[in-house]
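Fold and contact review
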Amino acid sequence: MLEVRDLAAGYQGNDVVHDISFHVDEGEAVMIIGSNGAGKTTLFRAMCGLSRPSSGVVVFDGEEVTGMPAQRMVRKGLGFVPAERHLFPRMTVHENLSLGAYPKRPDPETMSVVVGLFPRLAERRRQHAGTMSGGEQQMLAVGRALMARPRLLVLDEPTTGLAPKLAHEAYEALAVLRSQGLTLLVAEQQVPLALAFSDRGYVLENGVISLEGTSEELAADPRVRSAYLGVT
Amino acid sequence: MTAIVLDGIVLGLQFGLLAAGLTLVYGLGGVLNLAYGQMAVITAMTVLFAMNAGVPTLAAVAIGLVAGGLLGLIFDQTLLRPIYRRQGEARVLLSLLLTLGVAFMVDGFLNWRYPTAGLGLQISGGPIEVLGIPMRRGSIVGSVIILIVFALLFVFFKGTSLGRAVRSVIEDEEGARLVGIDPSLMLRIILIISGVLAAVVAVTQSMIRPVTVTAGFSITVFALIVTVVGGLGSVTGALLAGIILGVVNSLATSFIGTFLSLIILLVAAAVTILIRPSGLLGVRE
């Protein structure tokens, strides 16, 4: 469904990530694991069309979409939830969700699926997004992305700033989405949570992919265990 | 006293409308259009020439509105292209320099070719009493038009999905892109609206006093003051600040003197910046 080949990207000519190649098949949940500054955000921004990659190829659904702006990617079915969420702070929860379906009118069925997944959003319908807690904002960001009915949802560190309990809840919600057939690609530094949830993963270190494998393989790998799982 | 406040509100509505066109473009694109007053003057001249050519007044006004929208579109397609390739402060700075340059060119040209031209729309009929105060018919008609325009703006921004999409770009440009909204398309729409608003400014002002070829810079200056007080990117802020400043200006003029009213407005703007740097209802920067 998604294939990235030899991607390089960065800021103002200085590449932060190099030679990135990976793929996500339909129905999979794939993790990109990496610590702060490893280049996860740079990679996702370039892949999802928020910035231009300096080289490489991105193929989505058999079509080359390298450098296509994010506003067109989302209409093709690739939804992206960035770590900073980028909600509309002075709009209500309902307005944020409705805009997720832009330019179509929000589909009532999708809306009820979203609020079924995150009942808090229904309770806070009329509240301004900017006044909500971090966890609620994260729910809203995911909900807004779902309103466009994506086939692939890309999430950058969905648990940033969340308490452990909320981080668990976030992954429970993602598991529900997965069971409904949504393909997921998630960047995460909370590795235990990530590996428990996903089928496969890639380890991103200093801007290159240093390791890849199934989640079981990664969880058993001594390097992953010492660097990310705190096991020596 | 009532008369002074009513005068202030009439003026304030004008101020608010001035600021609306400027603040939207700034809020959306980070472009401060210093040629805004000249856009209003060009539309005023368009209406004037149409009327001189024998076009009935209402039709001439309609031509002026269309001209305003076209002017906004031309602005978006030409001058703003290089500005958009910049980010942040460089964008604001370049927009100031380029639009100021255009403002001088337009002013120079109009002064050279039509030094004495001025658009004055006569609204026939006697004064209308409001709260027992006889008000000039032109003031009342102008104010009603402005209120209708604001009502339309509110309906557009709150009630239509296109309006919401425009607001979303003001709120968070990247967030807007992530839901499939093209910011440059929204900006084009806003520039067209801004141009039409400049035309409405010209038409409503001309109902009270003639809009001359030299009016451009003073229109821009007042629009800037109101925008600063109201907050960048907020139409409601523009209306609120416009009315407040209009009343302040009117009170200052009658109790202190006309010569000080501009200074008092500037002081009001300075105090607002000190207390609330983002304006009354501004989008936080």
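With that out of the way, let us pick up the overall build of chain A. On a plain count of helices and strands, chain A comes out with ten helices and ten strands. Computed over its C-alpha atoms, the radius of gyration of chain A comes to 17 Å, within 12% of the 17 Å expected for a compact globule of 232 residues. Taken over the C-alpha atoms alone, chain A extends approximately 45 × 40 × 30 Å along its principal axes. The buried share of chain A, reckoned over its 232 residues, is 45%. Here the analysis covers contacts within chain A between residues at least 6 apart in sequence; of these, 65% occur between residues at least 24 apart.

Regarding its fold elements, chain B presents twelve helices and four strands. In terms of principal-axis extent, the alpha carbons of chain B reach across some 55 × 45 × 35 Å. The proportion of buried residues among the 285 residues of chain B is 51%.

Its 24 residues place the ends of helix α9 (residues 183–206) of chain B 34 Å apart at the C-alpha level, agreeing with the 34 Å of an ideal helix rising 1.5 Å per residue. By the criterion of burial, α9(B) is predominantly enclosed, with 20 of the 24 residues buried.

This part covers the environment of Val25(B). As for its position among the elements, Val25(B) is in helix α1 (residues 2–29). A C-alpha to C-alpha distance of 10.0 Å links Val25(B) and Ile192(B), two positions 167 residues apart in sequence.

For the rest of this paragraph, the subject is the confidence of the model for chain B. Regions with low pLDDT should not have their predicted coordinates read in detail. Residue and element names in this part refer to chain B. Model confidence for chain B is summarised by a mean pLDDT of 88, while 99% of its residues fall at 70 or above. Taking the mean pLDDT of every element in chain B, the minimum, 78, falls on strand β2 (residues 128–130) and the maximum, 94, on helix α3 (residues 57–77). The complex prediction reports pTM at 0.84, with the ipTM value standing at 0.90.

All names here are of chain B. One finds Val 41, Ile 190, Ala 202 and Val 226 to be the most contacted residues of the largest nonpolar core, which totals 157 residues. For this core, the element with the highest residue contribution is α9, accounting for 14 residues. Not counting the four nearest positions on each side in its chain, Ala 202 is found in contact with Ala 40, Val 41, Thr 43, Ala 44, Gly 64, Leu 119 and Val 211.

A word on the sheet that holds strand β1 (residues 2–11) of chain A. Residues and elements named next belong to chain A. Read across the sheet, four strands follow the order β2-β1-β4-β5 without closing on themselves; strand pairing throughout is antiparallel. Two strands close off the open sheet at either side, each with one partner strand: β2 (14–24) and β5 (63–64). Here helix α1 (residues 40–47) sits on the sheet and contacts β1, β2 and β4 (55–60); the angle it forms with β1, its principal contact strand, is near 115°.

Whenever strands of a sheet pair, they do so through backbone hydrogen bonds, lying parallel or antiparallel. Residue and element names in this part refer to chain A. The six strands are arranged β6-β7-β8-β3-β9-β10 in an open sheet whose pairing can be described as mixed. Two strands lie at the open edges of the sheet, namely β6 (78–81) and β10 (208–214), each paired on one side alone. Averaged over all pairs of adjacent strands, the angle between their axes in this sheet comes to 15°, without regard to strand direction. In terms of strand pairing, strand β7 (residues 152–156) meets strand β8 (residues 183–188) through five bridges, oriented parallel. When the sheet's bridge partners are listed, Val 154 is paired in β8 with Leu 185. Across the face of the sheet, α1 comes into contact with β3 (29–33), β6, β7, β8 and β9 (200–205) while running at roughly 145° to β7.

Our next topic: the interface of chain B and chain A. Between chain B and chain A, the residue contacts involve 15 residues of the former and 20 residues of the latter. Broken down by secondary-structure element, the contributors of at least two residues to the side of chain B that touches chain A are α7 (161–171) and α8 (173–178) of chain B. The biggest single contributor to the side of chain B that touches chain A is α7(B), with six residues. Residue composition of the side of chain B that touches chain A, by class: four nonpolar, four polar and seven charged.

Moving on, we come to α7(B). The buried count for α7(B) comes to eight of eleven residues, which makes it a mostly enclosed element. Taken together, the buried positions of α7(B) are Arg164(B), Ala165(B), Val166(B), Arg167(B), Ser168(B), Val169(B), Ile170(B) and Glu171(B). On its buried face, α7(B) is in contact with α3 (93–100) of chain A together with α1, α6 (137–159), α8 and α9 of chain B.

As a further point, take the packing of helix α11 (residues 235–255) of chain B against helix α12 (residues 258–275) of chain B. All names here are of chain B. The geometry of α11 relative to α12 is characterised by a closest axis approach of 8 Å and an angle of 145° between their N-to-C directions. Considering how the two elements wind past one another, α11 and α12 form a crossing that is right-handed. The segment α11 lies against α12, with Leu 245, Val 248, Asn 249, Ala 252 and Thr 253 engaging Thr 258, Leu 260, Ser 261, Ile 264, Leu 265 and Ala 268. Its residues assigned to classes, the contact of α11 with α12 comprises seven nonpolar, four polar and no charged.

Residue and element names in this part refer to chain B. Position of Ser 194 among the secondary structure elements: in helix α9. Classification of Ser 194 by C-beta neighbours within 10 Å gives buried; the count is 28. If sequence neighbours within four positions are ignored, Ser 194 has contacts with Gly 21, Leu 24, Val 25 and Gly 72.

As a further point, take the pairing of β2(A). Residue and element names in this part refer to chain A. One ladder, built from seven bridges, connects β1 with β2; its direction is antiparallel. Across the sheet, residue Leu 2 finds its bridge partner in β2, namely Val 24. Where β1 folds back onto β2 in an antiparallel hairpin, the turn is made up of two residues, including Gln 12, whose phi is positive at roughly 50°.

Residue and element names in this part refer to chain A. Counting buried residues in β3 gives five out of five residues, a clear majority hidden from the surface. Residues Ala 29, Met 31 and Ile 33 line one face of β3 and the alternating positions Val 30 and Ile 32 line the opposite face, and both faces are buried. Alignment of β3 against β8, held across five bridges, turns out to be parallel. Following the sheet pairing, Ala 29 is matched in β8 by Leu 184. As paired elements, β3 and β9 share four bridges and run parallel to each other. When the bridges of β9 are listed, Met 31 appears paired with Gly 201.

With that out of the way, let us pick up unusual backbone geometry. All names here are of chain A. Here the residue pair Tyr 102 and Pro 103 is connected by a cis peptide bond, since its omega of 5° sits within 30 degrees of zero. With respect to the helices, strands and loops of the structure, Pro 103 is situated in the loop between α3 and α4 (108–117). A positive phi angle is found at Asp 6, which is not glycine, with a value near 50°. On the secondary structure map, Asp 6 appears in strand β1. On the neighbour-count criterion, Asp 6 (12 C-beta atoms within 10 Å) is exposed.

What counts and how
Residues numbered from 1 in each chain as written. Chains lettered and ligands numbered in written order. Predicted model: local features only at pLDDT ≥ 70, side-chain atom pairs only at ≥ 80, totals over all residues. Helix = DSSP H or I, 4+ residues; strand = E, 2+ residues; numbered from the N terminus. Rg over C-alpha atoms; globule rule 2.2 N^0.38 Å. Buried ≥ 20, exposed ≤ 12 C-beta atoms within 10 Å, placed from the backbone. Contact = placed C-beta atoms within 7 Å. Expected span 1.5 Å × (residues − 1). pLDDT = per-residue confidence, 0-100. Core = buried A, V, L, I, M, F, W, Y, C linked by C-beta atoms within 7 Å. Pairing = 2+ DSSP bridges. Axes fitted to C-alpha atoms, helices over the stretch in contact; angles between N-to-C directions. Nonpolar A, V, L, I, M, F, W, Y, C, P; charged D, E, K, R; others polar. Left-handed = near helix turned anticlockwise from the far one by under 90°.

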